Amino acid sequence: MNDEIKKIAERFTILNHVPLGVCIIDRNYTVLFWNRVMEEWCGITASDITAHAITERFEHFTLPRYRSRLETIFEGGPPAIFSSQLHGDIFPSRLPNGEPRIQHTIVTAVPSENADGFYAIFAVTDITELTSRILDYRIMRDKALQEIEQRKRTEKEKENLITELKEALNKISTLSDMLPICASCKKIRDDQGYWQQVESYMSQYVQVSFSHSICPDCAKKLYPDFCGKPGSREKL
């Protein structure tokens, strides 16, 4: 086993210089390679974890949802992707500020040293900053959409106000013209040719309401006996 680990360390030594976490295990789940980034992220040195079962440090590798996919890798199957949203962090670690590191992991099959099977090589990417940018973008997008909706509502309100003002101006224009009024009953003829009481016409175009009373002259004509009595009111 030690000879195999040495050969793998020499074979994959360049992976100590990539900005990714890299781990290699065999089908017995024994750790064969653990690069420097993994040492930094997980706080576990290569000498402490290589030649040991990965389940000693990360018990979740015993769960079926991980094992079923890794068994396919050991058979030389296609790469498997483990996202932090669906699978959590396969190799939990913390940022310097104490916040959890968000990871995206791709597992690929590589031929074993003896060419009698395949290893599983884990490439772990820190996507914490990318995820933060995506969240910021979503917040900005949602805010922009809210502003657009608010502008649409404002424009709609402005259009409605303009329409109301136009209608009011049209009514004022109608009242400013010469009104045809009956010389007898005093009804007013509208633009459609219908005759309306003065009260109805004014209420329609000016939006005013009327209260009824009787002027002194009419009161004398309609109620001469009452108006002629002493103490009767001149204004009703």
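What you see as residue numbers is a count from 1 along each chain, following the sequence as written. With pLDDT at 70 or above as the cut-off, local features in this predicted model cover only qualifying residues; side-chain atom pairs require 80 or more to be listed or tallied, and sums for whole chains, interfaces and linings still use all residues. Water and hydrogen atoms play no part in the side-chain values, which are based on all heavy atoms of the structure.

(A) Representation of the nonpolar core within the structure. As used in this record, nonpolar core signifies buried Ala, Val, Leu, Ile, Met, Phe, Trp, Tyr and Cys residues forming a set joined through side-chain atoms within 4.5 Å. Only protein chains enter the area calculation, which uses a 1.4 Å probe; residues under 20% of their type maximum are buried, those over 50% are exposed, and those in between are partly exposed. If you look at the biggest cluster of nonpolar residues, it comprises 28 residues, and the most contacted ones within it are Trp34, Phe91 and Phe122. Going through the elements one at a time, strand S1 (21-25), strand S2 (31-34), helix H2 (36-42), helix H3 (46-49), helix H4 (64-74), strand S3 (80-83), strand S4 (103-111) and strand S5 (118-126) are the ones with two or more residues in this core. Residues are treated as being in contact if the distance between any of their heavy atoms lies within 4.5 Å. If sequence neighbours within four positions are ignored, tryptophan 34 has contacts with Val22, Cys23, Glu39, Cys42, Ile44, Thr45, Ala46, Ile49, Thr50, Phe58 and Phe91. With 11 residues, the next largest nonpolar core counts Ile8, Phe33, Val110 and Ile121 among its residues. A run of H or I in DSSP counts as a helix once it spans at least four residues, and a run of E counts as a strand once it spans at least two, with each numbered from the N terminus.

(B) Quick look at the pattern of salt bridges. What makes a salt bridge here is a side-chain nitrogen of Lys or Arg within 4 Å of a carboxyl oxygen of Asp or Glu, nothing more. Taken as a whole, this structure holds 7 salt bridges when the rule is applied. The shortest N-O distance in the salt bridge between glutamate 113 and arginine 11 comes to 3.0 Å. Of this pair, glutamate 113 sits in the loop between S4 and S5 while arginine 11 is found in helix H1 (residues 2-11), placing the two residues 102 residues apart along the sequence. Here glutamate 113 falls in the partly exposed class, since its relative accessible area comes to 27%. Here arginine 11 falls in the partly exposed class, since its relative accessible area comes to 38%. Linking arginine 141 and aspartate 142 is a salt bridge whose minimum nitrogen-to-oxygen distance equals 3.2 Å. One continuous salt-bridge network, built from bridges that share partners, spans Arg27, Glu71 and Glu75.

(C) Summary view of the pairing of S5. Here the rule is simple: two strands pair whenever DSSP picks up at least two bridges between them. In this sheet, S5 lies alongside S1 in antiparallel orientation, the contact comprising 5 bridges. Residue pairing for S5: valine 22 is matched across the bridge by alanine 123. Direction of pairing for S4 relative to S5: antiparallel, over a ladder of 9 bridges. Counterpart to threonine 105 in the pairing with S5 is valine 124. Counting the residues that bridge the hairpin from S4 to S5 gives 6 residues, and of these alanine 115 lies at a positive phi of roughly 60°.

(D) Looking closely at the environment of tyrosine 29. Along the chain, tyrosine 29 turns up in the loop between S1 and S2. Taking the C-alpha atoms as reference points, tyrosine 29 and alanine 51, 22 residues apart in sequence, are found 9.6 Å from one another. Setting aside chain neighbours within four positions, we find tyrosine 29 in contact with His52, Ala53, Ile54, Phe61, Arg67, Leu70, Glu71 and Phe74.

(E) Up close: the packing of aromatic side chains. Two aromatic rings from Phe, Tyr or Trp, using only the six-membered ring of Trp, form a pair when their centres are within 6.5 Å; if the ring planes differ by under 30 degrees the pair is stacked, by over 60 it is edge-to-face, and anything between is tilted. If you walk through the whole model with that rule in mind, you get 10 aromatic pairs. Ring centres 6.3 Å apart and planes at 50° place the aromatic pair phenylalanine 12 and phenylalanine 33 in the tilted group. With phenylalanine 12 in the loop between H1 and S1 and phenylalanine 33 in strand S2, the pair connects residues that are 21 residues apart, well separated along the chain. When its relative accessible area of 5% is taken as the criterion, phenylalanine 33 is described as buried. Plain terms: the ring middles of phenylalanine 61 and phenylalanine 91 are 5.8 Å apart, the flat faces sit at 45° to each other, and that makes the pair tilted. Taken together, the residues phenylalanine 61 in the loop between H3 and H4 and phenylalanine 91 in the loop between helix H5 (84-87) and S4 connect sequence positions 30 residues apart. For phenylalanine 61, a relative accessible area of 0% corresponds to the buried category.

In short, shape yes, function no, at least from these values alone.
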